[in-house]
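Summary of the model geometry
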Amino acid sequence: MDQQSSMHDLFDDPKQLIGEAKGHMPLIKEMVDDFIGDKNWTGSVDKDPDTGEYLLKITFKEPISKSIKIRIFDVAGYLRSALDQACYASAVAIKGGEPSKTKFLFADKEKGLQDEISKGKCKDMHPDIIDFIIRLKPYETGNRPLWALNKIRNKNVHRLLEPTAVLSGGLGLNNGFFSGSMQAWNEWKPLKMELTFFKLSANTKMKAQINPIIHVAFNSAFGFPSEPVSHSLDKLISEVESIVVGIEAETARIVQSAA
(Lines give C-alpha, C1' and ligand atoms only; values in the text may rest on other atoms or scores of the structure.)
Protein backbone atom coordinates (compact mmCIF):
# COMPACT_ATOMS: atom_id res chain seq x y z
CA MET A 1 0.00 0.00 0.00
CA ASP A 2 1.51 3.36 -0.94
CA GLN A 3 1.74 6.27 1.51
CA GLN A 4 -1.09 8.25 -0.12
CA SER A 5 -3.50 5.30 -0.01
CA SER A 6 -2.54 4.56 3.61
CA MET A 7 -3.23 8.18 4.61
CA HIS A 8 -6.60 8.07 2.89
CA ASP A 9 -7.55 4.89 4.75
CA LEU A 10 -6.55 6.32 8.12
CA PHE A 11 -8.81 9.34 7.67
CA ASP A 12 -11.69 7.32 6.26
CA ASP A 13 -13.28 6.79 9.71
CA PRO A 14 -13.65 10.48 10.64
CA LYS A 15 -15.00 11.22 7.17
CA GLN A 16 -17.56 8.44 7.52
CA LEU A 17 -18.65 9.89 10.86
CA ILE A 18 -19.21 13.25 9.18
CA GLY A 19 -21.23 11.42 6.52
CA GLU A 20 -23.41 9.93 9.27
CA ALA A 21 -23.99 13.41 10.67
CA LYS A 22 -25.04 14.68 7.26
CA GLY A 23 -27.38 11.71 6.90
CA HIS A 24 -29.35 12.80 9.97
CA MET A 25 -30.04 16.29 8.67
CA PRO A 26 -32.99 15.64 6.29
CA LEU A 27 -34.98 13.96 9.07
CA ILE A 28 -34.14 16.69 11.59
CA LYS A 29 -35.34 19.33 9.12
CA GLU A 30 -38.50 17.35 8.39
CA MET A 31 -39.35 16.94 12.08
CA VAL A 32 -38.71 20.63 12.78
CA ASP A 33 -40.94 21.61 9.86
CA ASP A 34 -43.70 19.41 11.27
CA PHE A 35 -43.38 21.10 14.66
CA ILE A 36 -43.52 24.66 13.34
CA GLY A 37 -46.20 23.88 10.73
CA ASP A 38 -49.40 25.91 11.05
CA LYS A 39 -51.39 22.83 12.12
CA ASN A 40 -49.40 22.63 15.35
CA TRP A 41 -49.99 26.14 16.71
CA THR A 42 -52.54 28.88 17.20
CA GLY A 43 -51.95 32.62 17.49
CA SER A 44 -53.45 34.99 20.03
CA VAL A 45 -53.19 38.55 21.31
CA ASP A 46 -53.21 39.16 25.06
CA LYS A 47 -53.14 42.44 26.93
CA ASP A 48 -50.57 42.96 29.66
CA PRO A 49 -52.62 44.00 32.72
CA ASP A 50 -49.73 46.08 34.10
CA THR A 51 -48.53 47.98 31.04
CA GLY A 52 -51.50 47.79 28.70
CA GLU A 53 -49.22 46.48 25.96
CA TYR A 54 -50.52 43.92 23.51
CA LEU A 55 -48.65 40.63 23.54
CA LEU A 56 -48.58 38.59 20.37
CA LYS A 57 -48.36 34.92 21.24
CA ILE A 58 -48.16 31.50 19.67
CA THR A 59 -49.29 28.42 21.58
CA PHE A 60 -48.17 25.04 20.31
CA LYS A 61 -50.41 21.99 20.49
CA GLU A 62 -47.55 19.49 20.75
CA PRO A 63 -44.11 19.93 22.39
CA ILE A 64 -40.82 19.85 20.55
CA SER A 65 -40.27 16.18 19.82
CA LYS A 66 -37.63 14.45 21.92
CA SER A 67 -36.66 12.64 18.74
CA ILE A 68 -35.40 15.93 17.28
CA LYS A 69 -33.19 16.51 20.28
CA ILE A 70 -31.88 12.95 20.33
CA ARG A 71 -30.91 13.24 16.67
CA ILE A 72 -29.20 16.56 17.33
CA PHE A 73 -27.31 14.81 20.13
CA ASP A 74 -26.34 12.11 17.63
CA VAL A 75 -25.11 14.66 15.07
CA ALA A 76 -23.02 16.40 17.75
CA GLY A 77 -21.62 13.01 18.77
CA TYR A 78 -20.63 12.08 15.25
CA LEU A 79 -18.91 15.43 14.72
CA ARG A 80 -17.13 15.37 18.07
CA SER A 81 -15.93 11.82 17.44
CA ALA A 82 -14.79 12.74 13.93
CA LEU A 83 -12.45 15.35 15.39
CA ASP A 84 -11.00 12.86 17.88
CA GLN A 85 -10.65 10.21 15.19
CA ALA A 86 -8.79 12.67 12.94
CA CYS A 87 -6.31 13.34 15.75
CA TYR A 88 -5.82 9.61 16.27
CA ALA A 89 -5.37 9.01 12.53
CA SER A 90 -2.78 11.77 12.42
CA ALA A 91 -0.79 10.24 15.27
CA VAL A 92 -0.83 6.80 13.65
CA ALA A 93 0.31 8.24 10.32
CA ILE A 94 3.17 10.17 11.91
CA LYS A 95 4.31 7.90 14.76
CA GLY A 96 2.79 4.54 13.91
CA GLY A 97 1.68 1.98 16.47
CA GLU A 98 -1.44 2.43 18.58
CA PRO A 99 -1.26 5.85 20.25
CA SER A 100 -3.35 6.24 23.41
CA LYS A 101 -2.91 9.94 24.17
CA THR A 102 -4.72 11.72 21.37
CA LYS A 103 -7.73 14.00 21.48
CA PHE A 104 -9.12 17.13 19.89
CA LEU A 105 -8.59 19.88 22.43
CA PHE A 106 -11.51 21.83 23.88
CA ALA A 107 -11.63 24.14 26.88
CA ASP A 108 -13.82 26.80 28.43
CA LYS A 109 -10.93 29.27 28.41
CA GLU A 110 -7.79 29.64 26.30
CA LYS A 111 -5.61 28.70 29.26
CA GLY A 112 -7.52 25.43 29.52
CA LEU A 113 -5.99 24.25 26.25
CA GLN A 114 -2.50 24.59 27.68
CA ASP A 115 -3.63 22.81 30.85
CA GLU A 116 -4.81 19.85 28.76
CA ILE A 117 -1.47 19.78 26.93
CA SER A 118 0.47 19.98 30.21
CA LYS A 119 -1.47 16.99 31.53
CA GLY A 120 -0.27 14.95 28.55
CA LYS A 121 -3.76 14.44 27.14
CA CYS A 122 -2.40 14.68 23.58
CA LYS A 123 1.26 13.76 24.04
CA ASP A 124 1.15 11.24 21.16
CA MET A 125 0.21 13.99 18.71
CA HIS A 126 2.73 15.98 16.66
CA PRO A 127 3.32 19.54 17.97
CA ASP A 128 2.30 21.01 14.60
CA ILE A 129 -1.08 19.26 14.81
CA ILE A 130 -1.57 20.60 18.33
CA ASP A 131 -0.68 24.10 17.10
CA PHE A 132 -3.16 23.68 14.25
CA ILE A 133 -5.93 22.95 16.76
CA ILE A 134 -4.95 25.82 19.06
CA ARG A 135 -5.22 28.24 16.12
CA LEU A 136 -8.87 27.18 15.74
CA LYS A 137 -9.55 28.69 19.21
CA PRO A 138 -11.87 25.91 20.45
CA TYR A 139 -12.90 27.74 23.63
CA GLU A 140 -15.84 29.93 24.63
CA THR A 141 -14.37 33.35 23.83
CA GLY A 142 -12.75 32.06 20.63
CA ASN A 143 -14.71 29.82 18.27
CA ARG A 144 -17.91 29.64 20.31
CA PRO A 145 -19.92 27.36 17.99
CA LEU A 146 -17.03 24.87 18.01
CA TRP A 147 -16.86 25.15 21.80
CA ALA A 148 -20.64 24.65 21.96
CA LEU A 149 -20.32 21.43 19.94
CA ASN A 150 -18.31 19.96 22.79
CA LYS A 151 -20.80 21.23 25.39
CA ILE A 152 -23.77 19.74 23.55
CA ARG A 153 -21.98 16.43 23.17
CA ASN A 154 -21.17 16.31 26.87
CA LYS A 155 -24.79 16.75 27.95
CA ASN A 156 -26.84 13.64 28.56
CA VAL A 157 -29.99 13.21 26.48
CA HIS A 158 -32.22 14.73 29.15
CA ARG A 159 -30.07 17.82 29.50
CA LEU A 160 -29.97 18.05 25.73
CA LEU A 161 -33.67 18.89 25.84
CA GLU A 162 -32.64 22.38 26.93
CA PRO A 163 -30.51 23.66 24.03
CA THR A 164 -33.38 23.74 21.54
CA ALA A 165 -35.72 26.74 21.85
CA VAL A 166 -38.49 28.24 19.81
CA LEU A 167 -37.93 31.75 18.53
CA SER A 168 -39.61 34.10 16.13
CA GLY A 169 -37.55 34.85 13.07
CA GLY A 170 -39.51 37.90 11.98
CA LEU A 171 -42.89 39.47 11.27
CA GLY A 172 -44.87 40.23 8.13
CA LEU A 173 -47.83 42.59 7.84
CA ASN A 174 -50.24 42.16 4.94
CA ASN A 175 -52.30 45.04 3.48
CA GLY A 176 -53.85 47.13 6.24
CA PHE A 177 -52.81 49.93 8.57
CA PHE A 178 -50.74 50.18 11.69
CA SER A 179 -50.05 52.99 14.17
CA GLY A 180 -48.18 52.71 17.42
CA SER A 181 -44.92 51.02 18.19
CA MET A 182 -43.77 47.43 18.15
CA GLN A 183 -40.93 45.53 19.74
CA ALA A 184 -39.59 42.09 18.89
CA TRP A 185 -39.81 39.95 21.98
CA ASN A 186 -38.84 36.30 22.19
CA GLU A 187 -40.03 34.76 25.43
CA TRP A 188 -40.48 30.99 25.37
CA LYS A 189 -42.37 29.24 28.18
CA PRO A 190 -41.82 25.52 27.60
CA LEU A 191 -44.30 24.31 30.23
CA LYS A 192 -47.08 26.29 28.57
CA MET A 193 -45.61 25.68 25.09
CA GLU A 194 -46.16 29.39 24.56
CA LEU A 195 -44.05 31.89 22.67
CA THR A 196 -44.49 35.64 23.06
CA PHE A 197 -42.85 37.00 19.94
CA PHE A 198 -43.93 40.64 19.71
CA LYS A 199 -45.10 43.48 21.92
CA LEU A 200 -47.30 46.31 20.66
CA SER A 201 -47.68 49.60 22.51
CA ALA A 202 -50.89 50.26 24.45
CA ASN A 203 -51.92 52.94 21.94
CA THR A 204 -51.58 50.65 18.94
CA LYS A 205 -54.26 50.75 16.27
CA MET A 206 -54.06 48.28 13.46
CA LYS A 207 -55.95 46.35 10.86
CA ALA A 208 -53.67 43.68 9.54
CA GLN A 209 -52.94 40.01 9.46
CA ILE A 210 -49.80 39.19 11.34
CA ASN A 211 -47.73 36.35 9.92
CA PRO A 212 -44.92 35.29 12.25
CA ILE A 213 -41.94 33.42 10.90
CA ILE A 214 -41.11 30.64 13.31
CA HIS A 215 -38.03 28.51 13.66
CA VAL A 216 -36.44 26.19 16.17
CA ALA A 217 -33.05 27.37 17.39
CA PHE A 218 -30.41 26.43 19.91
CA ASN A 219 -30.75 28.07 23.30
CA SER A 220 -28.83 31.35 23.24
CA ALA A 221 -26.59 30.14 26.10
CA PHE A 222 -24.73 28.01 23.58
CA GLY A 223 -23.70 31.06 21.58
CA PHE A 224 -25.23 30.12 18.26
CA PRO A 225 -26.92 32.87 16.22
CA SER A 226 -30.69 33.11 16.40
CA GLU A 227 -31.24 31.02 13.30
CA PRO A 228 -32.86 27.69 12.45
CA VAL A 229 -31.11 24.88 14.29
CA SER A 230 -30.58 23.11 10.96
CA HIS A 231 -28.55 26.10 9.74
CA SER A 232 -26.36 25.98 12.85
CA LEU A 233 -25.84 22.24 12.43
CA ASP A 234 -25.06 22.56 8.72
CA LYS A 235 -22.40 25.17 9.55
CA LEU A 236 -20.92 22.92 12.23
CA ILE A 237 -20.80 19.97 9.84
CA SER A 238 -19.05 22.12 7.25
CA GLU A 239 -16.55 23.43 9.81
CA VAL A 240 -15.74 20.00 11.23
CA GLU A 241 -15.30 18.65 7.71
CA SER A 242 -12.89 21.49 6.95
CA ILE A 243 -10.95 20.81 10.17
CA VAL A 244 -10.61 17.09 9.40
CA VAL A 245 -9.36 17.89 5.90
CA GLY A 246 -6.95 20.41 7.43
CA ILE A 247 -5.56 17.89 9.93
CA GLU A 248 -5.15 15.37 7.12
CA ALA A 249 -3.30 17.89 4.94
CA GLU A 250 -1.05 18.98 7.79
CA THR A 251 -0.32 15.34 8.64
CA ALA A 252 0.62 14.61 5.01
CA ARG A 253 3.00 17.60 5.06
CA ILE A 254 4.68 16.35 8.25
CA VAL A 255 5.02 12.79 6.94
CA GLN A 256 6.44 14.00 3.62
CA SER A 257 8.92 16.34 5.28
CA ALA A 258 10.21 13.47 7.42
CA ALA A 259 10.62 11.09 4.47
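Since the structure is predicted, the reported quantities are computational estimates derived from the model, not experimental observations.

Okay, the packing of helix H5 (residues 127-135) against helix H7 (residues 229-258) next. Across the interface, H5 lies against H7 with an axial gap of 10 Å and an inter-helix angle of 155°. Our classification of the angle between H5 and H7 gives roughly antiparallel. Crossing of H5 over H7 shows right-handed handedness. Contacts between H5 and H7 involve Asp-128, Ile-129 and Phe-132 from the former and Ile-243, Gly-246, Ile-247, Glu-250, Thr-251, Arg-253 and Ile-254 from the latter. Split by residue class, the contact of H5 with H7 holds five nonpolar, two polar and three charged.

On to helix H2 (residues 12-36). Working note: α-helix, 3.6 residues per turn, so residues spaced by three or four point in the same direction. Here H2 is 25 residues long and its end C-alpha atoms lie 37 Å apart, about the 36 Å a rise of 1.5 Å per residue gives. Along H2, the largest kink reaches about 25° and is centred on Met-25; proline Pro-26 follows within four residues of it. Within H2, the full set of buried residues consists of Pro-14, Leu-17, Ile-18, Ala-21, His-24, Met-25, Ile-28, Met-31, Val-32, Phe-35 and Ile-36.

Take unusual backbone geometry next. If you check the backbone angles, Lys-137 has positive phi at about 55° while not being a glycine. In this fold, Lys-137 is placed in the loop between H5 and helix H6 (144-153). Even without being a glycine, Met-193 presents a positive backbone phi close to 55°. With relative accessibility at 17%, the residue Met-193 sits in the buried group.

With that settled, consider the environment of Phe-73. Inspection of the secondary structure puts Phe-73 in helix H3 (residues 66-95). With a relative accessible area of 15%, Phe-73 lands in the buried category.

Within this structure, the stated rule accounts for six aromatic pairs. Where Phe-60 meets Trp-188, the ring centres are 5.9 Å apart and the plane angle is 80°; that geometry is what we call edge-to-face. A residue pair is termed long-range when its members are at least 10 positions apart, and Phe-60 in strand E2 (residues 54-60) and Trp-188 in strand E5 (residues 182-189) qualify at 128 residues. Measuring from centroid to centroid gives 5.1 Å for Phe-104 and Phe-106, while their planes differ by 50°, and the two rings are tilted.

Running from N to C, H3 and H7 point in directions that differ by 5°, and their axes come no closer than 9 Å. Accordingly, the angle class assigned to the pair H3 and H7 is roughly parallel. Here Ile-72, Val-75, Leu-79, Ala-82, Leu-83, Ala-86, Cys-87, Ser-90, Ala-93 and Ile-94 of H3 lie close against H7, whose contacting residues are Val-229, Leu-233, Leu-236, Ile-237, Val-240, Ile-243, Val-244, Ile-247, Thr-251, Ile-254 and Val-255.

Right, let's get into the pattern of salt bridges. The final tally for this structure, using the stated rule, is 15 salt bridges. Between Glu-194 and Lys-57 there is a salt bridge whose closest N-O contact spans 3.4 Å. Of this pair, Glu-194 sits in strand E6 (residues 194-200) while Lys-57 sits in strand E2; the two residues are 137 residues apart in sequence, bridging distant segments of the chain. Judged by its relative accessible area of 11%, Lys-57 is buried. Asp-115 is the salt-bridge partner of Lys-111, the closest N and O atoms lying 3.2 Å from each other. Pair noted here: Lys-111 and Asp-115 are both in helix H4 (residues 110-118), with a separation of four residues, about one helical turn. The exposure class of Lys-111 is exposed, given its relative accessible area of 58%.

About the criteria used
Residues numbered from 1 in each chain as written. Predicted model: local features only at pLDDT ≥ 70, side-chain atom pairs only at ≥ 80, totals over all residues. Heavy atoms only, no water. Axes fitted to C-alpha atoms, helices over the stretch in contact; angles between N-to-C directions. Helix = DSSP H or I, 4+ residues; strand = E, 2+ residues; numbered from the N terminus. Parallel < 35°, antiparallel > 145°, perpendicular 65-115°, else oblique. Left-handed = near helix turned anticlockwise from the far one by under 90°. Contact = heavy atoms within 4.5 Å. Nonpolar A, V, L, I, M, F, W, Y, C, P; charged D, E, K, R; others polar. Expected span 1.5 Å × (residues − 1). Bend = angle between axes of the 7 residues up to and from the residue. Buried < 20%, exposed > 50% of the residue type's maximum accessible area, 1.4 Å probe, protein only. Phe/Tyr/Trp six-rings, centres within 6.5 Å; stacked < 30°, edge-to-face > 60°. Salt bridge = Lys/Arg side-chain N within 4 Å of Asp/Glu carboxyl O.

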